[in-house]
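# Descriptive structure summary
Chain by chain, the residues:
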Amino acid sequence: MLKKNKRANILTENVVFIILNVVFLTILVVFLFVKVSDGAVFEEKYSKQIALMIDSAQPGMQISLEVKDAVDHAESGWLRNNFHEAFVVEDNLVKVKLSSKGGYSYSFFNDVYPVLEFYPDNEEVVITIPKENE
Amino acid sequence: MNKIQKTNFFSYNFFPKNRRGTDKMLSMYWFVIIFIVAAAIVYMTALFYGKPYDVRELETNLLINKVSDCLVENGYLINEVFVETFKSDFLEICNLNFNVEGSHGWKNDQYYLELSISEFVDQSIFIIGPFSEGNINLRDLCSNELNNNPFCIEKGFYSIDKENKEYFVKIFVSLRKTEKNVR
């Protein structure tokens, strides 16, 4: 009787040990996955990229930028309903917002008034720099 | 013999010695090790993804290129350079806007640009400047450690006017924006 109890005890300890390890590793993997696919990284990336493109652009240029990463990592429900707020230029700031809570802005020094058009279905942003007399 | 053993949580084996086999595996040291490994992974991930993209070098070079393109047209210095109001109208002539976002306590003080145009043969004879735009305090911080200070570049080029007179144009740019590019 005693021996049987002891065996059961060992088995329980093994199971608890394995469960604890699996739970621990799962939490770690989930953390890494959340961190890697965080939209905030892409907000920063695209706002800086678009700002630098505007800085280097000449009047009359039209630039098409693929933003597949941004669409993939955005808060999908929010982006579908608020896509017109995702890529915006205000004064000389490029603002990129991929979720209801996020958002990142970066300034450009080129004194132009660019127009950003975001096409979520094509996963692209079109940057238009108007000609000086427009 | 019923020997009562006192066990300490910090001892090598938390569990009494009469439980063999799984005792070692369930000791707190195993969990200490995996916690250390996990903490290291979390720290490295946070360090990698928490660090912003540093685009200051690109931005500084773009600013110098833009000013160069503005001053020289079809290989000649533009006529506006030789007009008296050039210094005061410089930002407007070159389509520059040094305003920045109001975050991190910035007050449109993240750029500094210095421009001079001198004779090519004797570069101590200045035709224009040196004159500056932006936050002059950024100029003196360039020589220190790069990460926590403005990013600075100085470039110069040879140019001529329409009468083939030779000039040397020198542009110095200092860009801060540290909070958004360095951590």
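Report follows, based on the coordinates. Positions within a chain are numbered from 1, following the residues in the order the chain's sequence is written. Labels are handed out in written order, letters beginning with A for the chains and numbers beginning with 1 for the ligands. Reporting in this predicted model follows two pLDDT cut-offs: at least 70 for local features of residues, and 80 or more for side-chain atom pairs to be given and counted; totals over whole chains, interfaces and linings ignore these cut-offs and use all residues. In computing side-chain properties, one takes all heavy atoms of the structure into account and sets aside hydrogens as well as water.

### So, the interface of chain B and chain A
By definition, residues are in contact when any of their heavy atoms lie within 4.5 Å. Counting from both sides, the interface comprises 36 residues of chain B and, opposite them, 33 residues of chain A. Two parts lose some accessible area (1.4 Å probe) when they are put together, and adding that loss for both gives the buried area. Both sides of the chain B and chain A interface together cover about 3,200 Å² of buried area, and 65% of this is carbon and sulfur. Salt bridge, as used here: a side-chain nitrogen of Lys or Arg that lies within 4 Å of a carboxyl oxygen of Asp or Glu. Our count for the chain B to chain A interface comes out at zero salt bridges. In protein, a polar contact means a hydrogen-donor-capable atom and an acceptor-capable atom, both N or O and within 3.5 Å, with residues adjacent in sequence counting only if both atoms are side-chain atoms; elsewhere, any N or O pair within 3.5 Å suffices. Here chain B is connected to chain A by 13 residue pairs in polar contact (both at pLDDT 80 or more).

### What about the state of the cysteines?
Covalent bonding between the sulfur atoms of two cysteines is what defines a disulfide. Residues and elements named next belong to chain B. Note on terminology: pairs of cysteine sulfur atoms within 2.5 Å are recorded as disulfides. Under the definition given, this model contains two disulfides over all chains. Between the sulfur atoms of C70 and its disulfide partner C94 the distance amounts to 2.0 Å. Linking C70 and C94, the disulfide has an S-S dihedral of approximately -75° and is accordingly described as left-handed. One end of the pair, C70, is in helix 3 (residues 56-71); the other, C94, is in the loop between helix 4 (86-93) and strand 3 (111-119), with 24 residues separating them in the sequence. As far as burial versus exposure is concerned, C70 and C94 are alike and both buried. Residue C142 pairs covalently with C152 via a disulfide, S to S 1.8 Å. Residues C142 and C152 are joined by a disulfide whose S-S torsion is about -70°; by sign, that bridge is left-handed. Of this pair, C142 sits in the loop between strand 4 (126-134) and strand 5 (151-160) while C152 sits in strand 5, and the two are ten residues apart along the sequence. Secondary structure counts use DSSP, requiring at least four H or I residues in a row for a helix and at least two E residues in a row for a strand, with both numbered from the N terminus. Relative accessible area decides the class of each residue, using a 1.4 Å probe on protein chains only: under 20% of the type maximum gives buried, over 50% gives exposed, and in between gives partly exposed.

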